[in-house]
Amino acid sequence: MRAMIVTAALSLVPACTSAPTPVESPTPLSSPSSMASPTESGSPIISDSLNGRIVFSDETDDIWSMRADGSRVRRLTSAQAQEFDPTWSPDGKRIAYRHQSGDDETTEIYVMDADGSHQTNLTRNDVADWGPDWSPDGDVIAFNSAMETDGFGLYGFVVTPDGTEPERISDHYVEYPAWSPDGSRIAFMAQEPDASGSNPDYNIFVMNADGTDLTRLTDAPGEDGWPAWSPDGSQVVFSSGRDDCSISQSADCLSTGDIGPWADAWIMNADGSEQHRLTDGFAQFFAWSPDGEAILVAGAGDMYLIRRDGTGTTPLKVEGAAHPLFPDWIA
């Protein structure tokens, strides 16, 4: 199972190695901390008490939704194309997602009603478009795209839910943009110019919603990515490959034993300070509970829940979906 999960995850990273030249960004506000031992104690999280709805994909196959307690599981799409990486509209009435019929160049941003109906292609081009995230006010959907790059690298764009002409918002490499809860900023992962190998060098940056005031938040070797803001905007949880034994000299470094790096859950303040590991379980994608008390983690088989301090690890079983990934959680 590990080989399948890691290989699937790696396929989500762009194949190109050439990227837009990063602009100058400030020195990190704090150096990444040394590997912190996660605290895994604490009572399990009672999933029956969880509120809201979760949308996710079964690996990269189709989009599903369910109640936060794991009930009312429903498959929303059923296509030959890969359909995954969903994001809720703020009112919960629609879902944007990635539709991919072939290689990266066939990837488009689609939107549909919450019941899976009225599926619509918003981007309609012949370059890579993915990583949708709906703005908190519902007006636009941010995503990364190879538009205006001659096919190399990715920039940040926004598009309206009706597919109005996409607008570029960055001069910096942008992948998997994530809106801050107040809509003023966007966090994202960015490939560094020298990124290579099975654990390529990616870091997390943040910028204003219009692309200004670019700030680097992480500066660790390996792959830091898939940032997710806490509902109060004070913290960002993210996936990091810095604990993989290929780059870590720590006695408790980890390895998948496969082609991809070990990735685990880290958290930091919104300014990049106080970076520390939450859990040493494999972790790549995250969704916060609407009240900010729990984090849903995906990346290795079943999803699981942890508290924001890393305690209370609790599996969240999903009936019917073998390998749930890319969760998004709405009240």
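Computed from a prediction, not measured in an experiment: that's the story for all the values here.

(A) Region of interest: the pairing of strand 22 (residues 303-307). Here strand 22 lies mainly inside the structure; four of its five residues are buried. Relative to strand 22, strand 21 (residues 294-298) runs antiparallel, the two sharing four bridges. When the sheet's bridge partners are listed, L296 is paired in strand 22 with L305. Hairpin geometry of strand 21 and strand 22 is characterised by an intervening segment of four residues between the two adjacent antiparallel strands and by a positive phi of about 150 degrees at G299. Relative to strand 23 (residues 314-316), strand 22 is paired through three bridges, and the arrangement is antiparallel. Residue L305 lies in a different strand from strand 23, and its bridge partner there is T314. Linkage of strand 22 to strand 23, two consecutive antiparallel strands, is achieved through a turn of six residues, within which G310 is found at a positive phi near 90 degrees.

(B) Spotlight on the pattern of salt bridges. Taken as a whole and assessed by the stated rule, the structure comprises 11 salt bridges. Residue R75 is joined to D62 by a salt bridge in which the shortest nitrogen-to-oxygen separation is 2.6 Å. One end of the pair, R75, is in strand 3 (residues 74-75); the other, D62, is in the loop between strand 1 (53-58) and strand 2 (63-67), with 13 residues separating them in the sequence. For D62, a relative accessible area of 4% gives the class buried. Its salt-bridge partner being R216, residue E192 comes within 2.6 Å of it at the nearest N-O pair. A residue pair is termed long-range when its members are at least 10 positions apart, and E192 in the loop between strand 13 (185-191) and strand 14 (202-208) and R216 in strand 15 (residues 215-216) qualify at 24 residues. Look at E192 and you get buried, because its relative accessible area is 7%. One connected set of salt bridges, linked through shared partners, spans D243, D252, D264 and R277.

The rules behind these values
- Residues numbered from 1 in each chain as written.
- Predicted model: local features only at pLDDT ≥ 70, side-chain atom pairs only at ≥ 80, totals over all residues.
- Heavy atoms only, no water.
- Buried < 20%, exposed > 50% of the residue type's maximum accessible area, 1.4 Å probe, protein only.
- Helix = DSSP H or I, 4+ residues; strand = E, 2+ residues; numbered from the N terminus.
- Pairing = 2+ DSSP bridges.
- Salt bridge = Lys/Arg side-chain N within 4 Å of Asp/Glu carboxyl O.

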